[in-house]
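Structural features, examined
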Amino acid sequence: MDEIIKHFGSRVKTDISFKELTTLQIGGPAKYFLKVQTEKELLEIVKIAAKGNIPYLIVASGSNLLVSDQGFDGLVIQNSISAIEKDDNSITVKSGTPLQDLVNFTLEQGFPGLQKLTGIPGTVGGAVYGNAGAYGQTISDYLTEVSCFDGSQKITKTRENCHFTYRESAFKQSKLIILDIKFTLPKGSRELLQSEAEKTLELRLKKYKPGIKCPGSFFKNVLTENLSAETKNLLPPYKDTFGKIPAWLFLEGVGGKGASLGKIKIADFHANLFINQGDGTAADFWQLAWEYSEKVKEKYQVQLEPEVQLINLPPLS
Ligand SMILES: Cc1cc2nc3c(=O)[nH]c(=O)nc-3n(C[C@H](O)[C@H](O)[C@H](O)COP(=O)(O)OP(=O)(O)OC[C@H]3O[C@@H](n4cnc5c(N)ncnc54)[C@H](O)[C@@H]3O)c2cc1C
């Protein structure tokens, strides 16, 4: 760490709590913490950390993280490198750009394709990592390439090489750091896009009240094609949404709605929404999620998978 501290001085903080770094407001300390604002800084710090075998973790807005109460015993690098550039109908975005800034930009320009991502917290890099999406749109729909850093050099991945599937990407299986993301978008009507974005936001606000302490939906929805006929028969009448059965339907079927442990509560109105009601712990969150995923497995023979990234915690299955 000496070299990092020599390089970045007092900007390197110690013992910053993940309560301050995540929307869930849970988690122990980051032993070392640095916020980077330029690509040069990001590449420098990652190179030094990699050379010195210092464990490091890239975070952005922390809206998809459940971090253990022990925190992270290494260096947490927060990416806030933000910029949007347009060339004709192509847009190149720095990974730390807030996703909403990109969505707003496309609305102003009249580029359809991202309007239904309105209201999703986080950065564009975080969205690409987890192939974030909502209401039938995903961040990868019009993405053409991603430039990233492998710890020693910059590489460019085409869309095909990013292996995007439902809430998955090649980035989840690698240590690649996403730097710039390029989209090529069609042209549409600004008025129509604006009205779709407003309707989307109205729908979202019913589920996510302002200030809610959560990491979004906890479990991934289940691909309908992966379900056996027996499981389908056990479910109440349901609507397949974009080829998926919502995870809440399974969790509701095992009495998840309103269940709680310590200060963690599953919403009364949505069984896939785990909320920190105050000073909740990661241990209680994990335990509650595990108990209900086990109940789902027993009743439906379905293994729910977390959509949220677990840091320094055991897997749920
Ligand atoms: C209220 C609420 C509503 C939500 N609604 C939705 C929704 O509708 N749809 C949806 O898909 N998600 C939703 N989410 C989840 C979350 O907003 C998204 O997953 C978001 O894209 C995460 O971005 P972030 O910047 O916060 O990433 P973080 O939470 O900071 O990080 C998430 C993961 O991405 C990795 N990562 C971040 N940046 C980089 C980078 N530059 N390079 C490499 N890896 C990186 C991190 O290491 C981590 O593993 C919601 C969350 C909340 C709190």
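Note that the coordinates shown come from a computational prediction; the quantities given were computed from them, not determined experimentally. (Residues numbered from 1 in each chain as written. Predicted model: local features only at pLDDT ≥ 70, side-chain atom pairs only at ≥ 80, totals over all residues. Heavy atoms only, no water.)

A look at the site of the ligand
Taken together, 33 residues sit near the ligand, with Ile 58, Ala 60, Ser 63, Thr 123 and Gly 133 positioned nearest. Ile 58 is positioned with one of its backbone polar atoms (N or O) 2.6 Å from an oxygen atom of the ligand. Between an oxygen atom of the ligand and a side-chain N or O atom of Ser 63, the distance comes to 2.6 Å. Notes on the ligand: free accessible area 980 Å², of which the protein chains cover 94%. Those elements giving two or more residues to the shell around the ligand turn out to be β3 (56–59), α4 (124–129), β8 (133–134) and β12 (177–184). (Near = heavy atom within 4 Å. Polar contact = N/O pair within 3.5 Å; in protein donor to acceptor, adjacent residues only side chain to side chain. Areas by Shrake-Rupley, 256 points an atom, 1.4 Å probe, with all protein chains shown as cover. Helix = DSSP H or I, 4+ residues; strand = E, 2+ residues; numbered from the N terminus.)

Re the state of the cysteines
Within the structure shown, the criterion is met by 0 disulfides. Cys 148 forms no disulfide, and the closest cysteine sulfur to it belongs to Cys 162, at a distance of 7.0 Å. (Disulfide = S-S within 2.5 Å.)

As for the domain arrangement of the protein
Domain assignment breaks the protein into domain 1 (2–79), domain 2 (84–205) and domain 3 (217–311). Placing a centre on the C-alpha atoms of domain 1 and another on those of domain 2 gives a separation of 24 Å. Across the boundary between the two partners, domain 1 contributes 11 residues, which contact 15 residues of domain 2. Between domain 1 and domain 2 the total buried area reaches about 1100 Å² when both faces are included, carbon and sulfur atoms providing 63% of it. Considering only the surface of domain 1 that becomes buried against domain 2, Glu 39, Leu 43 and Asn 79 emerge as the three largest contributors, covering 40% of it. (Domains from an automatic or database assignment. Contact = heavy atoms within 4.5 Å. Buried area = accessible area lost by both parts, 1.4 Å probe.)

Structural notes on the pairing of strand β11 (residues 154–158)
Where strand β10 (residues 143–149) meets β11, 5 bridges bridge the pair, whose relative direction is antiparallel. Its bridge partner lying in β11, Ser 147 is registered against Thr 156. From the end of β10 to the start of β11, which pair antiparallel, there are 4 residues, and Gly 151 there has a positive phi angle of about 105°. (Pairing = 2+ DSSP bridges.)

Here's the deal with the layout of surface pockets
In this structure, the second largest pocket spans a volume of roughly 230 Å³. Forming the boundary of the second largest pocket are Thr 165, Tyr 166, Glu 168, Lys 220, Asn 221, Val 222, Leu 223, Asn 226, Val 302, Gln 303, Leu 304 and Glu 305. Across the lining of the second largest pocket, the residue classes break down as 5 nonpolar, 4 polar and 3 charged. Each of domain 2 (84–205) and domain 3 (217–311) accounts for three or more of the residues forming the lining of the second largest pocket. (1 Å grid on protein atoms, 1.4 Å probe; cavity = no way out; pocket = protein on both sides within 12 Å on 5 of 7 lines; lining within 4 Å. Points joined across faces, edges and corners; volume = space filled by probe spheres on them. Nonpolar A, V, L, I, M, F, W, Y, C, P; charged D, E, K, R; others polar.)

Some points on helix α3 (residues 99–109)
In an α-helix, one full turn covers 3.6 residues, which means residues spaced three or four apart are oriented alike. All of the buried residues in α3 are Leu 99, Leu 102, Val 103, Phe 105, Thr 106 and Leu 107. Lining the buried residues of α3 we find β6 (84–87), β7 (90–94), α4, β12 and α5 (190–207). Phi turns positive, to about 75°, at Gly 110, one or two residues after α3. (Buried < 20%, exposed > 50% of the residue type's maximum accessible area, 1.4 Å probe, protein only.)

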